Number of protein chains: 2
Amino acid sequence: MKIILASGSPRRKEILEQFGYNFSVEVSDFCETAANGDPVIACLRFAKGKALNVFLHKSKKERSDAVVIGADTVVYFNGKILGKPKDKTDAINTLKSLSGKTHSVITGFAVIGEKLSVFGYDQSEVEFNELEESLIYKYVETSKPMDKAGSYGVQDGFNIVRSVKGSVYNVIGFPIEKIKFVLDGITNK
Amino acid sequence: MKIILASGSPRRKEILEQFGYNFSVEVSDFCETAANGDPVIACLRFAKGKALNVFLHKSKKERSDAVVIGADTVVYFNGKILGKPKDKTDAINTLKSLSGKTHSVITGFAVIGEKLSVFGYDQSEVEFNELEESLIYKYVETSKPMDKAGSYGVQDGFNIVRSVKGSVYNVIGFPIEKIKFVLDGITNK
């Protein structure tokens with residue numbers, strides 16, 4: 001059974017590698033629009049869209065022997081979904097608003113195969129330290145926040161995160177604990 | 001994690017018991033209409049409908065600690081979906097048409113939980129013996145075919161089935177091999 005990761009995120013690739021899977025990466029051309037409303041529904045929809053897009057581009061023969069994994073991460077704070085920042089100013093403002101507060105990180109995932117499809121999500125609560133303005137500027141200067149939902153990466157250091165309640169892998173963008181049993185079951189590992 | 005089987009079928013209950021699961025049965029009030037078109041899409045739709053119906057009747061608190069399993073089996077022969085027989089004459093005609101031939105049995109299933117949902121199906125090919133008319137009448141007289149898709153049960157004897165290619169559990173109406181790893185993963189068994 002061939003495993004295909006429908007995500008361009010180097011973090012997701014890294015996590016799946018860490019857990020010993022052989023897979024290929026195929027980035028979908030699913031068009032992600034700005035999310036609003038229920039964060040669970042939004043990230044599930046995008047995860048499914050990404051995976052299905054890659055799956056449906058396969059031939060019937062390829063489909064019968066493949067599973068495609070899609071994932072989408074959103075940060076939810078104060079009743080709003082925070083996606084990737086538009087620009088550095090947006091990233092700075094987002095980090096300022098999250099400073100000293102707790103927000104939710106929700107990653108939806110979809111594992112799509114010919115005879116089995118799985119849709120799920122995981123949720124973690126992340127508490128930020130009080131962030132000095134100078135630290136925010138320094139962090140944004142690295143450009144690291146620019147491709148990340150909520151404008152930060154828990155793995156980026158900079159003393160941003162005080163605590164994580166729930167899966168840290170989920171906060172990075174790939175709740176491998178939940179995806180693992182599905183993959184192992186499908187691939188009979 | 002509480003397991004709920006959204007099916008009134010005594011066969012599905014028996015199989016789930018055989019495999020050592022603790023669960024309760026709650027029959028959905030999902031209204032199953034006559035199926036046509038693609039058999040996989042049809043049985044997936046009904047399996048999902050049954051499970052979702054029971055799941056959505058639960059309180060938010062109950063949902064957070066439960067998974068609901070729905071399943072639907074169709075017999076597919078000569079480009080047509082064969083459901084349960086309308087009456088004994090229908091059962092007799094169905095059995096006559098299947099006599100000496102091979103048909104497909106497809107069971108769709110849905111496992112619906114708060115944070116994870118799984119949709120899948122399994123397909124088996126069943127070859128019938130040439131059935132004497134007297135045997136068909138005798139079998140239908142037992143009323144056993146009346147609540148079964150395709151008007152027969154592989155487990156009913158009567159020398160009806162010559163061979164099964166694929167899962168016999170799937171033909172009985174519950175592809176436990178595929179459902180097992182999902183349940184074990186969700187319940188961390």
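First things first, this report covers the structure right here in the doc. (Residues numbered from 1 in each chain as written. Chains lettered and ligands numbered in written order. Predicted model: local features only at pLDDT ≥ 70, side-chain atom pairs only at ≥ 80, totals over all residues. Heavy atoms only, no water.)

### Considerations on unusual backbone geometry
Across the chain, the bulk of peptide bonds are trans and the bulk of non-glycine residues have phi less than zero. Unlike most non-glycine residues, A:Ser151 shows phi in positive territory, near 65 degrees. In this structure, A:Ser151 sits in the loop between helix H5 (133-141) and strand S7 (161-165). (Helix = DSSP H or I, 4+ residues; strand = E, 2+ residues; numbered from the N terminus.)

### Here we look at the pattern of salt bridges
Scanning the model with the defined rule gives 20 salt bridges over all chains in all. For A:Lys50, the salt bridge is made with A:Asp72, and the minimal N-O distance between the two is 3.1 Å. Here A:Lys50, found in helix H2 (residues 39-56), pairs with A:Asp72, found in strand S3 (residues 66-77); they are 22 residues apart in sequence, far enough to count as distant. Overall, A:Lys50 belongs to the buried group, its relative accessible area being 11%. For B:Glu141, the salt bridge goes to B:Lys88, with nearest N and O atoms at 3.9 Å. Remark: B:Lys88 occurs in helix H4 (residues 88-98) and B:Glu141 occurs in helix H5 (residues 133-141); sequence separation between them is 53 residues. (Salt bridge = Lys/Arg side-chain N within 4 Å of Asp/Glu carboxyl O. Buried < 20%, exposed > 50% of the residue type's maximum accessible area, 1.4 Å probe, protein only.)

### Some words on the relation of the copies chain A and chain B
Between the two copies, chain A and chain B, the superposition gives an RMSD of 0.0 Å; the rotation angle is 180 degrees and the shift along the axis is 0.0 Å. Read as a symmetry element, the transformation amounts to a two-fold axis. The C-alpha atom lying nearest the rotation axis in chain A is that of A:Val118; the distance is 2.2 Å. In this assembly, 100% of the residues forming the interface of chain A have copies in chain B that are likewise at the interface, indicating an isologous arrangement. (Least-squares fit on C-alpha atoms with pLDDT ≥ 70 in both. Contact = heavy atoms within 4.5 Å.)

### A word on the layout of surface pockets
If you add up the space inside the largest pocket, you get close to 1,400 Å³. Along its surface, the largest pocket is lined by 45 residues, and A:Lys48, A:Ser117, A:Phe119, B:Lys48 and B:Phe119 are the ones closest to its centre. Residue assignment for the lining of the largest pocket shows that the elements contributing at least two residues are H2, helix H3 (60-63), strand S5 (102-113) and strand S6 (116-128) of chain A together with helix H2 (39-56), strand S5 (102-113) and strand S6 (116-128) of chain B. Top element by residues in the lining of the largest pocket is H2(B). It accounts for nine residues. (1 Å grid on protein atoms, 1.4 Å probe; cavity = no way out; pocket = protein on both sides within 12 Å on 5 of 7 lines; lining within 4 Å. Points joined across faces, edges and corners; volume = space filled by probe spheres on them.)

### A few points about the packing of H4(B) against H5(B)
Residues and elements named next belong to chain B. Here H4 crosses H5 at 140 degrees, and the two axes come no closer than 10 Å. One way to sum up the angle between H4 and H5 is to call them oblique. The interaxial crossing formed by H4 with H5 has right-handed handedness. The residues of H5 that touch H4, namely those facing Lys-88, Ala-91, Ile-92, Leu-95 and Lys-96, are Glu-133, Ile-136, Tyr-137, Tyr-139, Val-140 and Glu-141. When grouped by side-chain class, the residues that make up the contact of H4 with H5 number seven nonpolar, no polar and four charged. (Axes fitted to C-alpha atoms, helices over the stretch in contact; angles between N-to-C directions. Parallel < 35°, antiparallel > 145°, perpendicular 65-115°, else oblique. Left-handed = near helix turned anticlockwise from the far one by under 90°. Nonpolar A, V, L, I, M, F, W, Y, C, P; charged D, E, K, R; others polar.)

### Describing the environment of A:Val140
Residue and element names in this part refer to chain A. By the element assignment, Val-140 lies in helix H5. Sequence separation between Val-140 and Leu-95 is 45 residues, and the spatial gap between their C-alpha atoms is 9.2 Å. Setting aside chain neighbours within four positions, we find Val-140 in contact with Lys-88, Ala-91, Ile-92, Leu-95 and Pro-145.

### Observations concerning the pairing of S3(A)
Each regular strand shows side chains that alternate between the opposite faces of the sheet. Residues and elements named next belong to chain A. Burial analysis of S3 places eleven of its twelve residues in the buried class, which makes it a mostly covered element. As judged from the four bridges shared by strand S1 (residues 2-5) and S3, these two strands associate in the parallel manner. Within the sheet, the bridge partner assigned to Ile-3 lies in S3 and is Val-67. Taken together, the ten bridges between S3 and S5 define a ladder with antiparallel strand orientation. Bridge pairing in S5 links Asp-72 to Gly-108. Summarising the sheet, S3 and strand S4 (residues 80-82) pair through three bridges and their orientation is antiparallel. Following the sheet pairing, Tyr-76 is matched in S4 by Ile-81. Counting the residues that bridge the hairpin from S3 to S4 gives two residues, and of these Asn-78 lies at a positive phi of roughly 55 degrees. (Pairing = 2+ DSSP bridges.)

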